[in-house]
Structure formats: structure tokens, C-alpha cells
Amino acid sequence: MATIKHYPWISHFLGSPTGYVVHLQKGAVRHRGVGQAFWFRPAASVLSEVPVDDQELPTLFHAITRDHQDVSIQANVTYRFVDPVSVASRLDFALQQAGPATSGGKEQVATIIGQLCQSHAIDHIATTTLAQSLERGVSELRQLLTEALGTDTRLLSTGIEILGVQVLAVRPESEVERALQTPVREQLQAEADRAVYERRAVAVERERTISENEMASQIELASRRERLVAQEGANARREAEEQAAAGLVQANAEAERQGIGATAEANRIRLVGEAEAAREAATMEVYRGMDQATLLALACREAAGSLPNIGNLTVTPDLLSGALAGLFREPGAAAVGEK
């Protein structure tokens, strides 16, 4: 920003690096340029400072579409003053006595550019529907305004160069915008619900898979347990069969052993019996030749061995006489008597 210092009857001007100053004294240009510093007499001088840096102009206006819908257009125009002398001669950029320039020049430029943008945009929007304006209005308006402002004769003659035009938004009224957003919002909500349902379906499918895996595991365990029980039963049966076979072998061996023992015992008994029979036969053969008294004496001796102890024995004369008679009887007579 330029600064002006006042002294008695004279003042000093110190310019800025972005301000182009034009010093007129009695209608003639005395000083002009960027970053000027000079002395001047306030009573006979007119100072104008034109900014030479890039200027940004935001603008907002409304237009009516072909289907009678109101849309708001937000744009931003970038421009600069390429001919500060022409600008200072056609627009009010005069410096006040206190120093800063008036805002009249910028307001005039904003009015000129804003009206041009609005005029061209309204003409274009009037030929399109609301849907077309919202779909491709930004790009079409940017191209249209750039060409229209860049070739406008008034701006060129004034020394204003359009550097660029940016159309930021083309929006309908709030109620219409909400109505237009409703299908998209519902579609997005439907997509979100579908995603939720799919996620739930995937979760259910995963839970079902897990349950099936658990059931398959339980079935496999039950099958293994069944095979284990069957194997244990087969092992028990085989063990019982082996024990039974071993018992049968042992019983057969015991029976054979007992049979052998019984046969041996029978043979022994038979041999003993045969020996006893032979002895008895021999004894009987010996006894066959003996007389009756001898046999009676032997029988008494044998009986005496089997009788209990006799404390007293009474022998009568009859018994004694009979025994003695038989004892002293002749053997021949006894044999004759027997015949």
C-alpha cells in the first residue's frame, strides 16, 4: 500500500510493489509506474493507484432453467489490469489525501464482470433443463464464461485481462435439491441395507459352516468311539475265546492226565487184583489139601486177629472135648468120614 507524508505546502509519495501510480499535474502525466517515490504539491496534483497483482472476484447469481426451475450459480473470476493508464483514465482509482485509494474502481470492475457473467450464464441456463444444468452446467458455464469474458470488447478496451473463470457450483433451490437427493439417498440407504443383509447372510453362512463343522466333528468322534467300542468288544471276545481255548486245552490236558492216571490206577488195581487173586488161589490150593481141624484152627487164628480183646474166656468140657477129639482124629479117618 502506498504511503503519503504531508509537509507544509508539499507532500511525499512512496509507492508499493503491487500498485501502479499515475501522477497527473495540471492534466499532464508527471510520474507513473510501480514503486515510485516523488514529491508533489497536493493542490496541483492528482494521484491514481491501480493494483497490478492478480485480483479475485467471487460472484453469485440466480438463473431460470427451461423447465422454470431456479438455480444458483457460484463462480470466481481471476483478472488483472494490464494497462493501468487506461484503467486509471476510465475507472476511479484516485488516492485520497490520507493515502489509500478509493474502492470505487474495484466496485466498478466487480459490477462490470458480475453483470457480464450473469448475462451470459442466464442466457445459457435458459436453454437447458434442470437436470441438464446440474449434470453438465459447471463445465459448460466455465467454458462459456471464459470465452465470453476473454473476448469482451469493454474489458479489453479498459485494460482488464481475464486470467480464468471457475464455476464452483450450480445448485437448485433447497427443497428441490432435497427432493433430488431423496432417490440417491434412498438408493444409498438401500445399498447400505443390502450390504448389512449381505454381511448378516455371510455371518449366518459362516455360523452354519461352523455348526456343520462342529456336527461333522461330533459325528467323526462318535464314529471313532463306535469303532473303538467295537474294537474293544472284538478284543474282549478274542481274549475270551483265547481264554476258552486255553481252558479247553488245559481241561483236555487235565482229562488226558486224569485218564492216564486212571488207566495206570486201573492197571495197578488189575495187577494188584490179579496178584491178590493169584495169592488167594495159591492159598486156596494150599487150604484144599488141609484137614478140617487145621482149617478151623487157621480160621480161629484169623478171627482172633479181628476180634476185640477178650478179658475172660470160659471153656466148657464139651467144647474142649470136641476140639480135642477133632485134633487127635486120624487124618485117614477124617477123609473117610468126609467121603
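With that out of the way, let us pick up helix α2 (residues 104-125). Compared with an ideal rise of 1.5 Å per residue, which puts 22 residues at 32 Å, α2 spans 31 Å between its outermost C-alpha atoms and is within 8% of the ideal. If you check which residues of α2 are buried, you get G104, G105, V109, I112, I113, G114, L116, C117, A121, H124 and I125. Looking at the buried side of α2, the elements it contacts are β7 (55-64), β8 (70-81), α3 (130-150), α4 (153-158) and β9 (160-172).

Let us now look at the pairing of β7. Along β7, the buried face is formed by Q55, L57, T59, F61 and A63; none of E56, P58, L60, H62 and I64, which line the opposite face, is buried. One ladder, built from ten bridges, connects β7 with β8; its direction is antiparallel. Paired with Q55 across the bridge in β8 is Y79. Connecting β7 to the antiparallel partner β8 that follows it, the hairpin turn spans five residues, and H68 within it adopts a positive phi of roughly 60 degrees.

Here the focus is the sheet that holds strand β5 (residues 37-40). Taken in spatial order, the three strands of this open sheet run β1-β2-β5, and their pairing is antiparallel. Since the sheet does not close on itself, it has two edges, and those belong to β1 (3-7) and β5, each with one partner. Going across the sheet, the axis of each strand differs from the next one's by a mean of 15 degrees, ignoring polarity. Two strands pair when backbone bridges link them, and β1 and strand β2 (residues 10-14) are joined in this way by five bridges, in the antiparallel orientation. For T3, the partnering residue across the bridge sits in β2 and is L14.

Time to look at a nonpolar patch on the surface. A cluster of nonpolar residues, Y7, I10 and W39, forms a patch on the protein surface that exposes about 310 Å² of accessible area. Note on placement: I10 falls in strand β2. The class of I10 is partly exposed, set by a relative accessible area of 31%.

Attention shifts here to the sheet that holds β8. To summarise the sheet geometry, strands pair through backbone hydrogen bonds and adopt either a parallel or an antiparallel arrangement. Pairing in this open sheet of three strands is antiparallel, and the strands run β7-β8-β9 from one edge to the other. Two strands lie at the open edges of the sheet, namely β7 and β9, each paired on one side alone. For this sheet, the mean angle separating the axes of adjacent strands, direction not counted, is 20 degrees. Strands β8 and β9 of the sheet are contacted by α3, whose axis makes an angle of about 170 degrees with β9.

Take the pattern of salt bridges next. All chains considered together, the criterion is met by ten salt bridges. One salt bridge in this structure joins R224 and E220, with 3.1 Å as the shortest N-O distance. Of this pair, R224 and E220 both sit in helix α5 (residues 174-288), four residues apart, which is roughly one turn of that helix. When the shortest N-O distance is used, the salt bridge between E254 and R257 registers 1.4 Å.

Reading the values: the criteria
Residues numbered from 1 in each chain as written. Predicted model: local features only at pLDDT ≥ 70, side-chain atom pairs only at ≥ 80, totals over all residues. Heavy atoms only, no water. Helix = DSSP H or I, 4+ residues; strand = E, 2+ residues; numbered from the N terminus. Expected span 1.5 Å × (residues − 1). Buried < 20%, exposed > 50% of the residue type's maximum accessible area, 1.4 Å probe, protein only. Contact = heavy atoms within 4.5 Å. Pairing = 2+ DSSP bridges. Axes fitted to C-alpha atoms, helices over the stretch in contact; angles between N-to-C directions. Patch = residues over 30% accessible without salt bridge, like charges linked within 9 Å, V, L, I, M, F, W, Y side chains within 5 Å. Areas by Shrake-Rupley, 256 points an atom, 1.4 Å probe, with all protein chains shown as cover. Salt bridge = Lys/Arg side-chain N within 4 Å of Asp/Glu carboxyl O.

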